[in-house]
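# Residue-level structure breakdown
So you can see what is in the structure, the chains are spelled out below.
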Amino acid sequence: MSEEPTSETGTSKVLELERKFSINENSERKLQEVGASCLREKSFEDSYYDSVDYQLTLSDYWLRKREGNWELKSPPEKRKPESDVAQYIETTNAGEIVQYLSAILKTDPTHAGDNADQIAKFVEKTGLQPFAVFRTNRKTYTMEGGFQIDLDETDFGYKVGEIELIVHQNEDVAAALEKIDTLAEKLEFSKPTRILGKMDVYLMQHNPSHYNKLLEAHVLFNKHSKAV
Ligand SMILES: Cc1ncc(C[n+]2csc(CCOP(=O)(O)OP(=O)(O)OP(=O)(O)O)c2C)c(N)n1
């Protein structure tokens, strides 16, 4: 299976570009000033899964169940390395998710299929376990240019924002990264150091040993390290 993002019918893969920023009391006002409008506010629970020896996350694969729906974020074949923007392929198709997981876990995708039940069976067969479970309250803004801006607050007390653009073809990545940076500057979201994600803070609080392994593997980066 190709790891390239594609918009072909029948596949669920998209390339998601996200830049995190700190939220403060001015964030919503700034968003409204640049023409963003609030689309919705919702709450959802995420359960992230991995093997006991963290084979998925140490390879930068993030399998989660969000309100009953399975999703996988995986690294694209090539990333623009100089960017502060997180670049992941997001897959929601069960058969594709099982293919990816089988390759990483080096198991036979015997349960490959196209519904959530097939993933549940695969997860059971391979012994994947939830390693992080938390709830997020999210306020979503949208604005011209296809941007989605999320303001998140978790049930473990962390607040973070992200500017997101979805692209369907690799040729569009460079332009999309520039668009995100331009919007971040307009919103004065420029930042001297890396912003911690929800997972960084969750693991620091709940499983520092797993967090340190991810830092050592350069999958996550601590706040003061230079973005690569
Ligand atoms: C900036 C950055 N973020 C995440 C990672 C790795 N990572 C850790 S957890 C993780 C999975 C998802 O994390 P995140 O995008 O922060 O969650 P969320 O905002 O709830 O997802 P959405 O609703 O946007 O789909 C990843 C990719 C990374 N290496 N760098």
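Everything below is about the structure shown above.
Notes on the structure follow. Being a predicted model, the structure only gives us computed values, none of them experimental.

Calculation criteria
- Residues numbered from 1 in each chain as written.
- Predicted model: local features only at pLDDT ≥ 70, side-chain atom pairs only at ≥ 80, totals over all residues.
- Heavy atoms only, no water.
- Core = buried A, V, L, I, M, F, W, Y, C linked by side-chain atoms within 4.5 Å.
- Buried < 20%, exposed > 50% of the residue type's maximum accessible area, 1.4 Å probe, protein only.
- Helix = DSSP H or I, 4+ residues; strand = E, 2+ residues; numbered from the N terminus.
- Contact = heavy atoms within 4.5 Å.
- Pairing = 2+ DSSP bridges.
- Axes fitted to C-alpha atoms, helices over the stretch in contact; angles between N-to-C directions.
- Near = heavy atom within 4 Å.
- Polar contact = N/O pair within 3.5 Å; in protein donor to acceptor, adjacent residues only side chain to side chain.
- Areas by Shrake-Rupley, 256 points an atom, 1.4 Å probe, with all protein chains shown as cover.
- 1 Å grid on protein atoms, 1.4 Å probe; cavity = no way out; pocket = protein on both sides within 12 Å on 5 of 7 lines; lining within 4 Å.
- Sits in = over half its atoms within 2 Å of the grid points.
- Nonpolar A, V, L, I, M, F, W, Y, C, P; charged D, E, K, R; others polar.
- Phe/Tyr/Trp six-rings, centres within 6.5 Å; stacked < 30°, edge-to-face > 60°.
- Lys NZ or Arg CZ within 6 Å of the ring centre and 35° of its normal.

Leu 63, Leu 101, Ile 149 and Ile 163 are the most contacted members of the largest nonpolar core, which totals 40 residues. Elements represented by at least two residues in this core include exactly β1 (14-21), β4 (69-74), α3 (94-105), α4 (116-126), β6 (129-143), β7 (147-154), β8 (159-167) and α5 (173-186). Residue contributions to this core peak at seven residues, all from α3. Those residues in contact with Leu 101 that sit more than four places away from it in its chain are Leu 56, Leu 63, Leu 72, Phe 122 and Leu 128.

Pairing is antiparallel around the closed barrel formed by eight strands, whose spatial order is β1-β5-β4-β3-β2-β6-β7-β8. Shown here is a sheet whose adjacent strand axes are inclined to one another by a mean of 35 degrees, direction ignored. The sheet contact formed by β7 and β8 spans six bridges and is antiparallel. Along β8, the bridge assignment pairs Ile 149 with Ile 163. Here helix α6 (residues 198-206) sits on the sheet in contact with β2 (37-50), β3 (62-66), β6, β7 and β8, set at roughly 150 degrees to β6.

To continue, consider the site of the ligand. Within the structure, the ligand sits among 18 residues, and Glu 18, Arg 64, Lys 73, Glu 162 and Lys 198 are positioned closest to it. In the model, an oxygen atom of the ligand is placed 2.5 Å from a nitrogen or oxygen of the Glu 18 side chain. In the environment of the ligand, an oxygen atom lies 2.7 Å from a nitrogen or oxygen atom belonging to the side chain of Arg 64. In isolation the ligand exposes 640 Å². Once the protein is present, 92% of that is buried. In this structure the site holding the ligand corresponds to the largest pocket. Elements with a contribution of two residues or more to the shell around the ligand: β1, β3, β5 (86-91), β8 and α6. Its residues assigned to classes, the shell around the ligand comprises seven nonpolar, no polar and eleven charged.

What follows deals with the packing of aromatic side chains. This model, assessed by the stated rule, comprises eight aromatic pairs. Ring geometry for Phe 156 and Tyr 202: centres 5.4 Å apart, planes at 75 degrees, overall edge-to-face. Taken together, the residues Phe 156 in the loop between β7 and β8 and Tyr 202 in helix α6 connect sequence positions 46 residues apart. Here Phe 156 matches Tyr 202 in class, with each residue buried. These aromatic residues form a ring-pair network of at least three members: Tyr 48, Trp 62, Phe 131, Phe 134, Phe 156 and Tyr 202. A cation over a ring is seen here: Arg 79 above Tyr 88, with NZ or CZ 4.6 Å from the ring centre.

Now for the pairing of β5. Most of β5 sits inside the fold, with five of its six residues counted as buried. Where β1 lies against β5, five bridges are found, and the strand directions are antiparallel. Each residue of the ladder has a partner; that of Val 14, found in β5, is Glu 90. By the bridge criterion, three bridges tie β4 to β5 in an arrangement that is antiparallel. Bridged to Ser 74 within β5 is Ile 89.

Shape is all these values report; function is a separate question.
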